[in-house]
Every structure is written in C-alpha cells, then in structure tokens.
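Listed below are the residues making up each chain.
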Amino acid sequence: MASDPTTTGWRGRLEQRLGRLADYNYRHPARALAIAVALSLLGVFFARGLSLDANLVSLLPRSFQSVQDLQELEERFGGLGWVAVVGEGADPEALRRFADDLAPQLAALPDIRFVEAKRPGPFFQDHALYFLSLEDLTQVEQRIESRLTWEKQRANPLFVPLVDEPAPSLDFSDLEAKYGAGSVRRLSGPGGEYYLDPVARRVVVLAKPEGISADLDFSRHVVTQVEDLLASQDLSKYGPDFRTAITGTFQKKLDQQQQIGRDIMVSSAVAGVLLLLYLFLHFRSALAVAVVLAPVLMGLAWTYGLVGVAYGRVNLLTGFLGAILGGLGIEHGIHLLGRYLYLRGQKWQAEEATREAFTHTGSAALTSALVAALTFFLLGTSNFRAFREFGVIAGVGMLLMVLAYVLVLPAVLGLAARLGWKPGPSATSHQRSPLGRVLVRLHRPLTVVSAVVLALLVANVGRVRFDFNFGSLADQHLPSFVLDRQVTQLIGYSQSPLVVITRSPAEEHAVVEQLRASQERLGERSTVDFVASLETLAPPEQSRKQEVLRRLQTLLEDVPEGQLDEEQRQQLAELRKAARASPFTLEELPASVRRQFEDMNGQSHFVLVYPRVSLDDGQAIRALAREVRGVKPPGGGRISVAGEPMVLADILDMVTRETPFILGGSLVAVLLAMWVTLGSLRLALLCLTPTVVSLLALAGLMPLLKVEFNYLNILVIPVLIGTTVDAGVHLLTQLVSPESDFVSVYSETGWAIAGGLLTSAMGFGALFLANHPGLNSIGALANLGFGVNLLVMLVAFPALLLTLSERRRRKLLRRQVQAQDAASPPPHSGPSQQPLPGKG
C-alpha cells in the first residue's frame, strides 16, 4: 500500500499525545477513575430532574410568528380544545339525563371555564329568519303571499282562471343552499338538542379548561379532576351497560406523552440487552464487555448531566439519545479494545498495547468522533428545536464519549492488569477472514457488480417521496384518538379551529368578509369550511326584519292546516314560531356559544376559522395557512392567526427549507474536517466515498421498499453522514501503513467495523419497538442505512480499494520499466552505432 501520510505534522503530534495520555491513565488508574466517577455522580445529580416534553409547539423557536400568536391567544383566550366526556351504552333518554346531571358538576370544577352540553341549534332555529338578509326575507314573504293568493283563488268557486298558471313555488332550496354552509347552520349541528348519537348510543359533554394542553402538568391535573368526578358518580342509574370515557385535546396530549415515555423505557432497555449480548458474542469475555461499557455509561451520565443543566427536559427525539449514543459510543470501544486485544495476541505488553491502540486507533476514533460531532452540530443550527437539541446533545455526547474512553478505558485496563487479568486466547485470537481472501481474488468483478447495482439504484432516486401526512406520525389507534374522531363526526365540524385575533369590530368584520370572499373565489379548492364570529351570530337590521316577520306571521295564520299533511303541519309550526321570535342581542346568545368568542376577561374580537381539510394532511395545512394568512386587516399589516395547524405548517416549511442546506453542509463540513485531520484530500475523499455511495444506494432502495421521508426521519441522513464515515477512516488508516497486509487488516478492522455498525444500528433499532409511528420510521430508515453501509464497507469499498491499488501498482511498474529502459545503453548493431571519433 501507500506510505502513511498521517505520521507527520500536527496529526502525528496528536497521535503521540493521545498515546502518552492513555499511558498516563494506564499507570495512574485510581486518579483517572476517581475523576471519571466524580463527574458521573455530578451528571446523575443534574440529570435526575429531566422530564419529557413531547409537545410540537415547544419545538419551534419563540421568534416564529405562529408561536407568538399562539402564546398571545393562550394569554387572552385560555386553552384551545376541550376535555370531552363521552357517555356510552344507554338509551337516548338516559344519555340526556347523564349530560344534564354532569354538566353543572363539570362547570363547578376549579379549572373549567365553561361547559357545553347542548347544541345551540334550538336558539338559532327559533331565530333562523333573522339570519336571512332583508332582501331574502322579503322574498320569502312574497313567495308565501303569492302562494296563499293562488290557493285562495282556486278555493273560490266563482274564480275562473284565464290562463292555467302553475302554483307559485314554495321551494326554498336556493336559500337553504345559500345559508346552509354558514356559521349559524354549522354550529347548530345536524339536529337535536344534545350532542347525541342514538345509533351509537353515545352522548358528549364538552368542558373548556382554563389552561392550555401544552402545559402537561395542567392537562394531567384537569383530566384527573374530571376522572375523579366521574368516579364519584353512580353510573348504574343510567343503565347496566353504561360507561364513560374521556377524549379531546388534553387527553390526547397525555396519552401521546405516556406512550412516548413507555417507548423510551422499553426501547432503551431492549437496546441495552441487545448491546450486551452482541458485545459478549464479539469479545467472548464478560470482563471485556464491562471494559467497553464503563466509559459509555460514564459518558452518558456526563452528557445527560449537561442536558439537565442546559435544557431541563428532553423532547420527542432527544429522549431516545441514550440508546443511540450508547450504540455509537460502543463502536469506539469495539475498535479500541479490539486493537488492544489484537496487539496482546501479537505478544505486546499490556502498557505498550494500550499506548499503541490509542496512538493510532484512538486518533482514528477521535477523528471520526470530531467529524460526527461536526455533523451533529450542523444539525444543531436548525430552527426546529427537535433537530437543534438533538444535534447539540448528540455532538457534545460524541465528544464526551471519546473523552470518557481516553480517561476510563486505559485506567480500567491498567487496573485489570494490576489485578492479574490477561486476555484469554478466545479474546486475542483473530482468524484471517475468508471474505478477505475472496475479495483479493475477485475484487475486479465485485467492483463491476457493485458499480452496476449502484447505477440501477441511483436511477431510482427520483422516485423518493416525502410523507406530508402528520397522521401517519402519531399512533391513530390510541383509544383517545379513535374516540376523538368519533366525537368530531358526531359534533359535525372540527374541534380545532384557527383563531384570528382582531383588535376592533371593524377589523373583525373585515377578516370575516375577506375569508368569505376567499371561499367564494377558490370554491372547492378553499381549505376553509366556515367562518364564525360574534358579529356573524348577531345579524344586523333586526328591527327592520321584525317588521317583515310581523307581516309574515299574519300570512302564516291564514294557512289552512286541514289541507296539510303531518310533516307540512310540523314545518308550518316551526315557521310560525320563527316568525314570532323577537330581536336579540349578543348578550342573549347561549352562554356556551358566546364564551367561545370571549377571552378570559369577557372581551371578544375573535374570529374562528373552521378548516375543511384534515389536520393530518401536511400539504393541506400549508395551503390553509397560506389562505388565512392572505387576509389583510384594514390599514395594512398582518393578522394574528393562532392554532396548532399554523405551527405544523411552519414546521413543514422550515424542514423543507433547511434540509438541503443541512445535508449539503454536512457533506462539505465532513470532507473539510477529514481533509484537515487526515492531512490528505485524497485520503479524505476515499474515506467519504463509502458514505456517499451508501446514501445514494439508500435513496434508491427507499421507493422499492415503500419507505418515505417525513419531517422526523429526515434527520437520519445527516446522522448517517456523521456516523458512517468513521468506518472508512478506521480501514484506511490501517491500510496506508507500508507494512500492512490487506487480509490481516481486513480480518481485524472489518470485524470491528461490522461490530461498530451493528451496535450503532442496535441503538437506533430500539426505535423499532416504539409504538409512535414517527419514531418507528426513524429506526426503520436508520437501520436500512446502516445495513446498506455495512455491505458497502465489507464488500464494495474494499473491492474498489484493491482495484485502485492494483492499477496503481501496474502504473508504478510501467514507470519503473520505462525508467530502466531509458537508463540502459542502446544495443550495438553496426558501424553507424559507434561513437564519432574524438567524441569519446
């Protein structure tokens, strides 16, 4: 192979210093271990109060407008969403009694603002005619008057029609279509006084809490209050099969939080067991396993201690970093201890083997850790706090892992040597790999096959898709999620409207008019279902409309009921009742309706925008955000629009905007970092080649396996860039030595590379056990990436190196032959070949 370019310059000095530091810790194990244990105890102390925050809103920076608007809304309006109490398994009459009994008790709870147990439909139905425009109401009067006149004429036996005119129509379907999609009709619901489904035997009572669902302590407190209230009820009086359940925004937040907490515990425990089993199989020594794990556990304690000081909590992604960092950290231990054991098998003394392992393998581990940390830190520049905190914590954790190994591993080895421990034959023996011999023999065809397979996969990269469905990233099978969908269907409209915060009645009116105009302009493409405000619920010109209604009332009294069937008589009674209704003010609206538009101080100026689209559809949410944000208040400026859909839209916009920069920046940063640390651009490019090839192959495989990117698992790509490059570093730093033998190096380093990638995969593989689909997708994509990289590192890349090395040797041989031919004297073939006289 080529000469080693890494033994001179600053890198050579770094290697020597690492070796001397390891040698010092080997000779003074008590001091090194005392420092490590003290730091670990401090880490455990500061990490003891860490909590899990799975709220998406907290993952955006506070500078984002959607976050600021949501905070303003929460300060003025309180929490969005409801605690929905569902009663099931009884006849309709019993369900109504349950709702009537429970509503005042729920309203008396200290953290409940108000309760909605009945639809506002009866009130709006009684006053329905006031919500028609004056022109349309007059048209109703004219139609009825024309029909009554026609009927009276036909009833007169002396009347002889000159023309056979059809009866004037009483079809009001045009007006029903005009007003049927309005806020009054939609808030009234499909019918009935209660939120009741007689077929499903279900009734819903909605309670509006004072606080916000993002405050998990408050959510837990208010849900517990409701649970205790239900537990104190005698539910048997509603029927033997009657039961209750709780759903809504607050319950769903708690259920998702509990699920992620369980996922963290179970997945981390399983990952730990798998790592232990693999390490034992890898080293075939229980003590070797302990030697590798000791630095990892201490490094994790240091890392989470810093997390406790800096953040005080973990988020949806960083909660799993223990298993992930454990797998990545163990990879360093496999390389370092593997090299140590190999040297001991070559009859090196323990201290010399320790120094040599940290001089060369340790510098490679440091290089790979620095490169991985750099990639993570680049991920830490994201505005998405889930990515930023993951990047910062993982980057710091990678550096602390290497520091822990330099401090702890030599000390443990030194302590073990003093206690008389010597590696057994099973730990130090390394057989020459059969695959290494196959690679030497078949490297050219393997290189060609690998190139063909890669070309086919690269051709498939264009089919990679991004999954914008938020619903696929949450466990929709959780009981509260299933029940919430059923409740939404029963209510008849979304329980999660956007809230437009206005500053004056004029601005409120302008927002409503612009949104309605947008609905008409876009038609079916509009993402808005309907718009509601207090202004829309208290129609104008009521005194003038009352005059029309009085005339209409007189007309309706003349309708001969005897000629009507039962359904028509019922409709007539309802119409007479609506015509007798008096004008009303905002204060006379049902309290449950009025309070939805009032803040904590009783002030209004809120516009509720109910979405037509599913809030799980990320693309539709982005369109909804654009449509609502397109509204401009009088005088210019912007409006404040609050709601979780706006936050989700900002998350998607941010991820799609930042991803190209992070991915491209990661590759460039890794290349520059390796160029600096390795001292050779050619060597840096070679080390990066397996990673780039693996990423291209991974992207080509994803469509074939029906795997898609999403806003969570996209972070796997920079993680793979930072964590797979070290395999190339370890392999090449061994092969560049002049005395290296490919099969020997491959047998030792390839085994360690396989172990390192497998343990990294096990760390991410813990996410396979997560019930949370988003986290599960991270584990699936990461393990697919590690699997591809394993094949590349063990087959394709070594075959390429052998092919390049063979070509280089042939090129050097040709040059040597040409140099020898040029230096040899030409053959003598006659007098003309003799030197001229006097020329000597």
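Starting afresh in each chain, residues are numbered from 1 along the sequence in its written order. Restriction of local features to residues with pLDDT of at least 70 applies here, the model being predicted, together with a cutoff of 80 or more for giving and counting side-chain atom pairs; totals for whole chains, interfaces and linings are based on all residues. Working from all heavy atoms in the structure, the side-chain values ignore hydrogens and water.

### Description of the overall build of the protein
Each helix and strand in the protein was counted, giving 28 helices and 11 strands. Radius of gyration (C-alpha) of the protein: 38 Å, far over the 28 Å computed for a compact globule of 840 residues. For the protein, the spread of C-alpha atoms along the three principal axes comes to 150 × 80 × 50 Å. When burial is assessed residue by residue, the protein has 55% of its 840 residues classed as buried. By definition in these notes, contact holds between two residues if any of their heavy atoms fall within 4.5 Å. Considering only intrachain contacts with a sequence separation of at least 6, the fraction spanning at least 24 residues in the protein is 83%. Using a 1.4 Å probe, accessible areas were evaluated by the Shrake-Rupley method; residue-level cover was limited to the displayed protein chains. A total of about 37,500 Å² of accessible surface is found on the protein, and carbon and sulfur atoms cover 58% of it. A run of H or I in DSSP becomes a helix once it reaches four residues, and a run of E becomes a strand once it reaches two; helices and strands are each numbered from the N terminus. Radius of gyration: over C-alpha atoms. The globule rule applied is 2.2 Å multiplied by the number of residues raised to the 0.38 power. We call a residue buried when its accessible area falls under 20% of the maximum for its residue type, exposed when it is over 50%, and partly exposed in between, using a 1.4 Å probe and counting protein chains only.

### What to know about the pairing of strand S10 (residues 606-611)
By the criterion of burial, S10 is predominantly enclosed, with six of the six residues buried. The pairing criterion is simple: DSSP has to find at least two bridges between the two strands. Summarising the sheet, strand S8 (residues 498-501) and S10 pair through four bridges and their orientation is antiparallel. In the strand pairing of S10, Val-500 is matched with Val-607. Relative to S10, strand S9 (residues 528-533) runs antiparallel, the two being bridged by five bridges. Paired with Val-528 across the bridge in S10 is Pro-611.

### Side note on the pairing of strand S5 (residues 202-209)
With eight of eight residues buried, S5 is to be regarded as a mostly interior element. Of the two faces of S5, the one holding Arg-202, Val-204, Leu-206 and Lys-208 and the one holding Val-203, Val-205, Ala-207 and Pro-209 are both buried throughout. Of the strand pairs in this sheet, strand S2 (residues 83-88) and S5 are connected by six bridges, and their pairing is antiparallel. Paired with Val-83 across the two strands is Ala-207, which belongs to S5. Looking at chain direction, strand S3 (residues 112-116) and S5 are connected through four bridges and run antiparallel. The partner of Ile-112 across the bridge, within S5, is Pro-209. As paired strands, strand S4 (residues 196-197) and S5 are joined by two bridges and run antiparallel to one another. Paired with Leu-196 across the strands is Val-203, a residue of S5. Hairpin connection, S4 to S5: the antiparallel pair is bridged by four residues, and Arg-201 has positive phi, about 55°.

### Focus: the sheet that holds S8
Sheet strands pair by backbone hydrogen bonding; their relative direction is either parallel or antiparallel. Read from one edge to the other, the open sheet built from four strands follows the order S9-S10-S8-S11, with strand pairing classed as antiparallel. At either end of the open sheet lies a strand with only one pairing partner, and these are S9 and strand S11 (640-642). Averaged over all pairs of adjacent strands, the angle between strand axes in this sheet comes to 25°, irrespective of strand direction. Here the axes come from fitting lines to C-alpha atoms, over the contacting stretch only for helices, and the angles between their N-to-C directions go from 0 to 180 degrees. Sheet contacts for helix H3 (residues 65-77): S8, S10 and S11; angle to S11, the most-contacted strand, approximately 80°.

### Some points on the packing of aromatic side chains
Aromatic rings from Phe, Tyr and Trp, with only the six-membered ring used for Trp, were paired whenever their centres fell within 6.5 Å, and each pair was classed as stacked if the ring planes differed by under 30 degrees, edge-to-face if by over 60, and tilted otherwise. Taken as a whole and judged by the stated rule, the model has 17 aromatic pairs. Pairing Phe-123 with Phe-124 gives two aromatic rings, centres 5.7 Å apart and planes at 75°, and the pair type is edge-to-face. The same class applies to Phe-123 as to Phe-124, namely buried. An angle of 45° between the planes, with centres 5.8 Å apart, marks the rings of Phe-764 and Phe-786 as tilted. Of the two residues, Phe-764 sits in helix H27 (residues 742-765) while Phe-786 sits in helix H28 (residues 773-823), which places them 22 residues apart along the sequence. Given the relative accessible area of 1%, Phe-786 is considered buried.

### So, empty space enclosed by the protein
The method works on a 1 Å grid over the protein atoms by themselves. A cavity is a set of points holding a 1.4 Å probe that cannot get out, a pocket is an open set with protein on both sides within 12 Å along at least five of seven lines, and residues with an atom within 4 Å of a point line them. Grid points are joined across faces, edges and corners, and a volume is the space filled by probe spheres set on the points. If you walk through the whole model with that rule in mind, you get six cavities of 30 Å³ or more. Reported here for the largest cavity is a volume of approximately 180 Å³. For the largest cavity, the lining is made up of 17 residues, of which Trp-82, Lys-208, Pro-497, Gln-596 and Tyr-610 are closest to its centre. Elements that contribute at least two residues to the lining of the largest cavity include exactly S5 and S10. Residues are grouped as follows: nonpolar covers Ala, Val, Leu, Ile, Met, Phe, Trp, Tyr, Cys and Pro; charged covers Asp, Glu, Lys and Arg; every other residue, Gly included, is treated as polar. Grouping the amino acids of the lining of the largest cavity by side-chain chemistry returns 11 nonpolar, four polar and two charged.

### Thoughts on the confidence of the model for the protein
Detailed reading of the predicted coordinates is not advisable wherever pLDDT is low. The quantity known as pLDDT measures the predictor's confidence residue by residue, on a range of 0 to 100. Across the protein, the average pLDDT comes to 83, with 91% of residues at 70 or higher. Scored below 50 in pLDDT, residues 1-7 shows 23 contacts in the model against residues more than four places distant or in partner chains. Counting contacts from residues 829-840, a segment whose pLDDT is below 50, to residues more than four positions away or on other chains yields three contacts.

### Overview of the packing of helix H13 (residues 350-379) against helix H26 (residues 716-735)
Relative orientation of the contacting elements H13 and H26 amounts to 160°, with a least axis distance of 8 Å. If you check the angle between H13 and H26, you find them roughly antiparallel. Judged by the sense of rotation from one axis to the other, the crossing of H13 with H26 is right-handed. Where H13 abuts H26, its residues Thr-361, Ala-364, Ala-365, Thr-367, Ser-368, Val-371, Ala-372, Thr-375, Phe-376 and Leu-379 lie against Pro-718, Val-719, Ile-721, Gly-722, Thr-723, Val-725, Asp-726, Val-729, His-730, Thr-733 and Gln-734. Grouping the amino acids of the contact of H13 with H26 by side-chain chemistry returns 11 nonpolar, nine polar and one charged. Each angle gets one of four labels, with under 35 degrees taken as roughly parallel, over 145 as roughly antiparallel, 65 to 115 as roughly perpendicular, and the rest as oblique. With the far helix as reference, a near helix turned anticlockwise by less than a right angle produces a left-handed crossing, and one turned clockwise produces a right-handed crossing.

### Some thoughts on a positive patch on the surface
A patch consists of residues whose relative accessible area exceeds 30% and which take part in no salt bridge; residues with like charges are grouped when within 9 Å of each other, and nonpolar side chains (Val, Leu, Ile, Met, Phe, Trp, Tyr) when within 5 Å. By definition, a salt bridge exists where a carboxyl oxygen of Asp or Glu is found within 4 Å of a side-chain nitrogen of Lys or Arg. Positive charge is attributed to Lys and Arg, negative charge to Asp and Glu, and no charge count is given to His or to the chain ends. Charged side chains are reduced to one point each, which is NZ for Lys, CZ for Arg, CG for Asp and CD for Glu. Judged by side-chain charge, Arg-807, Lys-811, Arg-814 and Arg-815 come together as a positively charged surface patch. Note that Arg-807 resides in helix H28. Note on Arg-807: relative accessible area 57%, which makes it exposed.

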